[in-house]
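One letter stands for each residue in the lines below.
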Amino acid sequence: MSSHVPIYQLQSFPHHESNTLFYMTRLEKLVQEFKGIDQPHSHTFYLVMWLSAGSGVHTIDFKTYPIRPNQLYFLTPGQVHSWQLSPDAQGFNLFFEPNFFRNRFGSRLHQYPFYHSHQHLPLLEVTQQPDLFTNLFVHAYQEYEQHQPNRSDVFLSYLHILLESAARLYDQQLTGINSQYFSRIRQFEDLLEKQYVHVRSVAAYADQLGLTPNHLNHICKAVLGKTASQLLHERLLIEAQRLLTHTDQSVKEIGFLLGFEDPSYFVRFFKKHTSQTPNEFRQRPATDR
C-alpha cells in the first residue's frame, strides 16, 4: 500500500535558522545528517542542486535522470523527487522560499524555463563553464556559513547570479524558438497549474490568454511538439500518478479529487494515456513505472 509522501519545509532540515528564508548545505553532509532524504518527498520551497562528482539516478515526477558531474537540478514546490547516489557523490543543495527571491526580483522567478514547467527538463548539463558554477556555489556556501553583515542580501545576489547564469545556458538549448511563443507557453502552464482540476476546455484557456484555440495549439506544437490538450492531460496524469504512488486514497477518491465525477471515466482516461489502469500502475514496482 502506498504511503503519504513527506512534504519538507525549511525548518525540517538540520541546523536551519529560525525565520531564515534560505538554507544551504553540502550534498554529502545532507545525506549523512538527514536519514531518508533519498526517499520520495516534496518541498514547500525552491531547490537548486549542483552535482560536482559522483553517479547514480535522480527521479523527479516519475522521470529518472542519470547523475553525472557538472549537473544542475531545479525543483519547484510540490514536485516529488528521490535519488540514489554513489558513495563518492559531492555537491551542494541550495533551498529558498519564494518570497526570498520575489521581494527583490518580482516575477523573474516564474520566467526561468527550468522552474514552473512540466515540459522542460529540470536539469542542466553544464558542459560550458563548469568552474563558474563550482565557484559560485562555493562562495555562496561560504557566505551562508560565515554570518557576515548583510548576509541575506549577499546570499541573494549569489543566488540571482546562479539562476541567471543557468538560464543563459539553458536558453541555448531553446534556440530557434520564438521568444513570444515561449512566454505564451509559460502563461498557459501557469493557468494550467491553477485550474487543471476544474477547467478542461482548451477554448477556456485560450480565451484567458486572448488567443484563439487554434493559435494556442499552434504555439504549443511549435515550441513543444504537443497540442494544448496534451499538456492539460499530462498535467492531470502527473497529479494522478503522484496521488496513486504517495497516498492511500482509493482510485475513486483520487478521481474525484481530480474532477472526475464518474470513477469509470477516470479509469478510462488513465488507461488511455498510460496503457495501465490506476490499480495496475499502483501495483507495479516504482522502477517499472
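Remember, it's a predicted structure, so these values are computed and weren't measured experimentally.

Draft legend 1. The side chain of Gln-241, seen in detail. Positionally, Gln-241 belongs in helix H9 (residues 228–246). Aside from chain neighbours lying at most four places away, what touches Gln-241 is Phe-62, Phe-270, Thr-274 and Phe-281.

Draft legend 2. Spotlight on helix H4 (residues 130–146). Taking 1.5 Å as the rise per residue, H4 with 17 residues should run 24 Å; its terminal C-alpha atoms sit 24 Å apart, in good agreement. Inspection of H4 places Phe-133, Leu-136, Phe-137, Ala-140, Tyr-141, Glu-143 and Tyr-144 among the buried residues, and these make up the whole buried set. The buried residues of H4 occupy an angular sector of 160° when projected down its axis, which confines them to one face. In this fold, the buried residues of H4 make contact with strand E2 (22–26), helix H1 (27–33), strand E4 (46–53), strand E7 (71–75), strand E9 (90–96) and helix H5 (151–172). Where H4 terminates, the next one or two residues include His-147, which has phi positive at roughly 55°.

Draft legend 3. Region of interest: the pattern of salt bridges. As enumerated under the stated definition, the model contains 9 salt bridges in all. Residues Asp-61 and Arg-242 are paired through a salt bridge, measuring 2.7 Å at the closest nitrogen-oxygen approach. One end of the pair, Asp-61, is in the loop between strand E5 (56–60) and strand E6 (63–67); the other, Arg-242, is in helix H9, and 181 residues separate them in sequence. Residues Asp-61 and Arg-242 agree in their burial class; the two are buried. Note that Glu-125 and Arg-68 form a salt bridge whose closest N and O atoms lie 2.7 Å from each other. On the criterion of sequence distance, the pair formed by Glu-125 in strand E10 (residues 123–125) and Arg-68 in the loop between E6 and E7 is long-range, its members being 57 residues apart.

Draft legend 4. Representation of the environment of Ala-53 within the structure. Within the secondary structure, Ala-53 is located in strand E4. Along the sequence, Ala-53 and Leu-72 sit 19 residues apart, while their C-alpha atoms lie 12 Å from each other. In this structure, Ala-53 is in contact with Pro-69, Asp-88, Ala-89 and Gln-90, ignoring residues within four places of it in sequence.

Draft legend 5. Seen up close, the nonpolar core. In this structure, Leu-72, Phe-96 and Tyr-115 are the most contacted members of the largest nonpolar core, which totals 53 residues. When residues in this core are grouped by element, the largest group, 9 residues, is from H5. Setting aside chain neighbours within four positions, we find Phe-96 in contact with Leu-21, Phe-22, Phe-45, Tyr-46, Phe-101, Leu-109, Tyr-115, Leu-159 and Leu-163. With 33 residues, the next largest nonpolar core counts Ile-185, Leu-211, Leu-236 and Leu-244 among its residues.

Draft legend 6. Broad picture of unusual backbone geometry. Positive phi, close to 70°, is recorded for His-15, a residue that is not glycine. Structurally, the position occupied by His-15 is in the loop between strand E1 (7–8) and E2. Take His-15: its relative accessible area is 60%, and that puts it in the exposed class. In this structure, His-147 is a non-glycine residue whose phi angle is positive, near 55°. Tracing the backbone through its elements, the reader meets His-147 in the loop between H4 and H5. The class of His-147 is partly exposed, set by a relative accessible area of 47%.

The rules behind these values
- Residues numbered from 1 in each chain as written.
- Predicted model: local features only at pLDDT ≥ 70, side-chain atom pairs only at ≥ 80, totals over all residues.
- Heavy atoms only, no water.
- Helix = DSSP H or I, 4+ residues; strand = E, 2+ residues; numbered from the N terminus.
- Contact = heavy atoms within 4.5 Å.
- Expected span 1.5 Å × (residues − 1).
- Buried < 20%, exposed > 50% of the residue type's maximum accessible area, 1.4 Å probe, protein only.
- Arc of directions from axis to C-beta.
- Salt bridge = Lys/Arg side-chain N within 4 Å of Asp/Glu carboxyl O.
- Core = buried A, V, L, I, M, F, W, Y, C linked by side-chain atoms within 4.5 Å.

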